[in-house]
Every structure is written in structure tokens, then in C-alpha cells.
Amino acid sequence: MIVRTPHSRLLAAGAVLATATLALTACGSSGSSSGGSAGANPSASVKAVTADPALAALVPADVKASGKLVVGADASYAPDEFKDDKGDIVGMDVDLANAIAQKLGLTAEVQNSGFTAIIPGIDAKKFQLGMSSFTDTKEREQTVDMVTYFNSGIAFAVRKGNPDKISADDLCGKKIAVQTGTTEVDDIKDNINPACTKAGKPTVPNDGDKFDLQTDVTTALVSGRDQVMSADSQVIDYAVKQTNGQLEKLGETRDSAPYGIALAKGSPLTKAVQGAVQSLMDDGTYKQILQKWGVDAGAVSKAEINAAKS
């Protein structure tokens, strides 16, 4: 999945792509986009969030003085973070970032960034938070603190009707589109290809056909450039819906793991963010946001700090 990791990002979406034969809305970037995920209602209201004085007291003085949380997000990964038809960054992570900031007596400023630039941006103090469908992994926790808030898994999609007759249990030698820097890339390199080699079968070329934007991953599959795409489970569900039946999910979601909000290693802000997320879970705001975007199947009940199992 966006380990979008480094996804995902384990996984990661919208822009509108026009070709002679199709119109595709997917994860967004520089183009315009519209829509949400299956079961989503982007216009749904979420109850107002009021500041919690005890949590606000945990916010470092420099952040409190600025009055804002600067959040890095790769706006190409619908329904988690993407651009709407007005060019505004929207999605599950954006709504959660806004609610976290409000809980801490701050305002969120969500900035679009390349996925692989977010964690370095935290280290450089460009961002206080990274909220971009990052899978919480032990490797990431060596660089940043992670506050868990959602659960997602790796999933695959093929063109409608599965014209290449691909099995989810045998992806050896197949052309698989993935977003650069994600867990999906690591999954091919560390799991799928070694298993193919052991079985004496051809490996996935180049550990996947890699693209900087999830939008382009989806396009590569729809256009027939690649045979399969791999992304986080809710992103696959979104792409299937938004391509109007041109794609279908392949097999079952696997290797579910928590997403984490990334913060500077050892930051005093980490405890404040963890407390804010837990408070939003406890008061029902978190559930409302997930339902708004149609992703409540990934809900968790506890926000933890650096709780990766692998």
C-alpha cells in the first residue's frame, strides 16, 4: 500500500484526463477534478470543533505564536487528498488536519507537495505535519514521529473484464503501475518479485512502472500502458468508481496497516496531535469526516505514537 508508504503514500488521488476514447477523473494534481469516493458525500457538514485548552497548552510556543499548523500533502490521492474543480485541496486528510488544528486552537494551512518531498520538508521545518496517506512503518519512525489515525491495505485493479486474465495470486512478469515512493513499490520489490524469482518466474519489470502522481498511475492502466495498478485500498475503490466502469478491483485487500501523521522526530507537538486525534475519535467528529468521504471502513478507535509493527 501509499507505504504511500514512503505510500503509501502504503497508497495515494483529482484531475480530468481526456483522450479520444475516455474521460477519466482520478487523483488530482495540476488539473481540475471532481467527486469523491464510493458512498462519499463531500458536501456533508461536519460539526464544529472547539479548542481543548489542555491540548492547546501542549502546543510549542513558536507554533502557538504563528497561529497555524502547516501541513504537507500530495494532492493527487483521492479521496484522501486531492484538488476539487475549483483547485482547492480537499479530502479526508484535509478535513482531519483542519479539525486537529481547531482542537489545538490553531488554523491548518494545507500545502500541496510532491509525496517524496514531505518528510524532508518536515525535517527542514517547512511543514509541521505530513498528512498524505503515509503508512506507519518502523523505517519511517527512524526519521519522523508517526501518530496513527486510519487503517488501509494494498489493493490492485485491472481493466474491466480483466482482458489479460491476471490472477491476484500470480503477478509475476506483469506490468504494474505504482506511485513513486509508496509501499506498493516496496511490496513489489520486497515481496512479489522475490516470490517470483523463487518460483522460477519472470519478475515485475523495474519493480513497477513508477509515476510521481497517482493520477498518472490510474491513467497508465486505463490507457493500456500497464496491465495492473497497485495502490491503497480506498484509492483503488475511488479509481474504480471514477473511471465509470473502465476498471475493476483484482482480488482482495491485503496487508492492512495504519496510516500515520508525520511530525518531526521528538517534537513536543507530537503529543498534542495525538491527543487531538484521540479527542476527535472520542467526540464523533472523526467518524463524521470518514463517513463524509466514504472511507469509514478504515476507522480505528485509538491514536498511537510510533506503533508500527513492521
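Report follows, based on the coordinates. (Residues numbered from 1 in each chain as written. Predicted model: local features only at pLDDT ≥ 70, side-chain atom pairs only at ≥ 80, totals over all residues. Heavy atoms only, no water.)

A word on the overall build of the protein
When helices and strands are counted, the protein shows 10 helices and 13 strands. A total of 310 residues make up the protein; the buried ones form 55% of that total. Counting every atom, the protein has about 12300 Å² of accessible surface; 49% of that belongs to carbon and sulfur. (Helix = DSSP H or I, 4+ residues; strand = E, 2+ residues; numbered from the N terminus. Buried < 20%, exposed > 50% of the residue type's maximum accessible area, 1.4 Å probe, protein only. Areas by Shrake-Rupley, 256 points an atom, 1.4 Å probe, with all protein chains shown as cover.)

A short note on the packing of helix H3 (residues 92-103) against helix H10 (residues 285-292)
At a closest axis distance of 9 Å, the pairing of H3 and H10 adopts a crossing angle of 155°. The pairing of H3 with H10 is recorded here as roughly antiparallel in orientation. You can see that H3 and H10 cross each other, and the crossing is right-handed. Every residue of H10 that contacts H3 at Met92, Asp95, Leu96 and Ala99 is listed here: Thr285, Tyr286, Ile289, Leu290 and Lys292. In terms of residue class, the contact of H3 with H10 is made up of 6 nonpolar, 1 polar and 2 charged. (Axes fitted to C-alpha atoms, helices over the stretch in contact; angles between N-to-C directions. Parallel < 35°, antiparallel > 145°, perpendicular 65-115°, else oblique. Left-handed = near helix turned anticlockwise from the far one by under 90°. Contact = heavy atoms within 4.5 Å. Nonpolar A, V, L, I, M, F, W, Y, C, P; charged D, E, K, R; others polar.)

Looking at unusual backbone geometry
The omega torsion of the bond from Ala78 to Pro79 falls at 5°, within 30 degrees of zero and hence cis. Located in the positive-phi region is Lys165, a residue other than glycine, with phi close to 55°. Mapping Lys165 onto the fold places it in the loop between strand E9 (144-159) and strand E10 (176-179). With a relative accessible area of 68%, Lys165 lands in the exposed category. For Asp255, which is not glycine, the phi torsion reads 55° and is therefore positive. Inspection of the secondary structure assignment puts Asp255 in strand E13 (residues 247-264).

Examining the pattern of salt bridges
Between side chains of opposite charge, pairing is possible as soon as their charged atoms come close. As enumerated under the stated definition, the model contains 10 salt bridges in all. Between Asp164 and Arg159 there is a salt bridge, with the nearest N and O atoms lying 3.5 Å from each other. The exposure class of Asp164 is partly exposed, given its relative accessible area of 34%. Classification of Arg159 by relative accessible area gives partly exposed; the value is 26%. When the shortest N-O distance is used, the salt bridge between Lys201 and Asp170 registers 3.1 Å. (Salt bridge = Lys/Arg side-chain N within 4 Å of Asp/Glu carboxyl O.)

Distances and angles like these do not, on their own, reveal function.
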